[in-house]
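So you can see what is in the structure, the chains are spelled out below.
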Amino acid sequence: MDGKSASFGSIDIPDYAEAIAQYRAFVDEASGNQPGDPKLLAARILELASHDEVPSRFVFGADAREWVGAKVDQLRQEIAQSADYG
């Protein structure tokens, strides 16, 4: 690899060429430029691994917690809506 954090397969499907080109451009721009501190993440994972009991999910970073919180809110709303039918 060229030092970046992403790679692509070699199969090209003509029907998806435009979408794949856009996706690859996005990934190429982001690759190696992700926010955060990988060393800090590794330290937290190792710290978790040293405990007898660990959480079933590990959400690291404010942006991840924000995304997960939004997903949980969405699921709560869907569950509440489903109660109307159950």
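Above this text sits the structure in question.
Residues numbered from 1 in each chain as written. Predicted model: local features only at pLDDT ≥ 70, side-chain atom pairs only at ≥ 80, totals over all residues. Heavy atoms only, no water.

Visitor: Quick question: what am I supposed to make of the overall build of the protein chain here?
Guide: Tallying secondary structure elements over the protein chain gives 3 helices and 0 strands in all. Ordering the α and β elements of the protein chain from the N terminus gives α-α-α. For the protein chain, whose C-alpha radius of gyration is 19 Å, the value lies well above the compact-globule estimate of 12 Å for 86 residues. Taking the principal axes of its C-alpha atoms as reference, the protein chain extends roughly 45 × 45 × 20 Å. On the protein chain, roughly 7,900 Å² of surface is accessible, and the fraction owed to carbon and sulfur atoms is 56%. Separation between the mean location of the 8 positive side-chain charges and that of the 15 negative ones in the protein chain comes to 5 Å. (Helix = DSSP H or I, 4+ residues; strand = E, 2+ residues; numbered from the N terminus. Rg over C-alpha atoms; globule rule 2.2 N^0.38 Å. Areas by Shrake-Rupley, 256 points an atom, 1.4 Å probe, with all protein chains shown as cover. Lys, Arg positive; Asp, Glu negative; His and termini not counted. Charge placed at Lys NZ, Arg CZ, Asp CG, Glu CD.)

Visitor: Looking at this model, I keep getting lost on the pattern of salt bridges. Mind explaining?
Guide: Close approach of charged atoms allows side chains with opposite charge to pair. Overall, the coordinates contain 1 salt bridge when judged by the stated rule. Notably, a salt bridge pairs Asp 73 with Arg 76, separated by 3.9 Å at the nearest N-O pair. One end of the pair, Asp 73, and the other, Arg 76, are both in helix α3 (residues 62–83), 3 residues apart, so they sit about a helical turn from each other. (Salt bridge = Lys/Arg side-chain N within 4 Å of Asp/Glu carboxyl O.)

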